[in-house]
Amino acid sequence: MVEWAKIALEFIGVFLIIYFGYYLFSYRKADKFSRKKMPINVKYLVFRYNTDVVYLGYKRVLKTLMLCDSFIVATIYTVTRFVDNIYVRLLIAFILIFPLFAGVYHLVAMYYKKESER
């Protein structure tokens, strides 16, 4: 039971570190919506799922994607922490990162699509 608490605490710690890093270096710099200065994750939502970022609110979408990215990084860190070999750990992380990003971003896009239809 103590081991599960340590793992959960590590997950929360990594999540918060990544989230505050995104906040300091990305979110505070974002002023207004600009097609040329969009981050890659917002561009992915706009071009892949045709999401209307202006209608939903650029800062709101950016904040949601910050949460999602922090969750993905913390999940990958927690899943691969049991592997001691660095090369195997990188391989597992590389294999896991694409389905996680695609799945989480798909859920976010479907949520925003449903919300924009109301």
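Note: the structure precedes this text.
Residues numbered from 1 in each chain as written. Predicted model: local features only at pLDDT ≥ 70, side-chain atom pairs only at ≥ 80, totals over all residues. Heavy atoms only, no water.

**Some remarks on the layout of surface pockets**
Rules: Lining residues are those with an atom within 4 Å of a point, where the points come from a 1 Å grid over the protein atoms alone and group into cavities, where a 1.4 Å probe fits but cannot get out, or pockets, open sets with protein on both sides within 12 Å along at least five of seven lines. Grid points are joined across faces, edges and corners, and a volume is the space filled by probe spheres set on the points. Asp, Glu, Lys and Arg are counted as charged, while Ala, Val, Leu, Ile, Met, Phe, Trp, Tyr, Cys and Pro are counted as nonpolar; the rest, among them Gly, fall into the polar class.
By volume, the largest pocket is sized at about 170 Å³. Forming the boundary of the largest pocket are S26, K29, A30, D31, K32, S34, K37, M38, P39, Y58 and L62. Residues that form the lining of the largest pocket fall into these classes: five nonpolar, two polar and four charged.

**Focus: the packing of aromatic side chains**
The following threshold applies: Put simply, two rings from Phe, Tyr or Trp (the six-membered ring, in Trp's case) pair if the centres are within 6.5 Å, and we call them stacked under 30 degrees between planes, edge-to-face over 60, tilted for the rest. When a residue's accessible area, from a 1.4 Å probe over protein chains only, is under 20% of the maximum for its type it is buried; when over 50% it is exposed; and in between it is partly exposed. Helix and strand definitions follow DSSP, with helices as H or I runs of at least four residues and strands as E runs of at least two, each counted in order from the N terminus.
Tallying each qualifying case throughout the model produces 10 aromatic pairs. Geometrically, the ring pair formed by Y19 and F20 is edge-to-face, given 5.8 Å between the ring centres and 65° between the ring planes. With a relative accessible area of 16%, Y19 lands in the buried category. Residue F20 is classed as partly exposed on the basis of its relative accessible area of 48%. Ring geometry for F94 versus F98: centroids 5.2 Å apart, planes at 90°, classification edge-to-face. Of the two residues, F94 and F98 are both situated in helix α5 (residues 86-117); the distance of four residues between them amounts to about one turn of the helix.

**Focus on the pattern of salt bridges**
The condition is simple: A side-chain nitrogen of Lys or Arg and a carboxyl oxygen of Asp or Glu constitute a salt bridge if their distance falls within 4 Å.
Applying the stated criterion across every chain yields a total of two salt bridges. For the salt bridge of R81 with E10, the shortest nitrogen-to-oxygen distance reads 2.8 Å. Residue R81 is found in the loop between α4 (58-80) and α5, and its partner E10 is found in helix α1 (residues 2-27); the two are separated by 71 residues along the sequence. With a relative accessible area of 23%, R81 lands in the partly exposed category.

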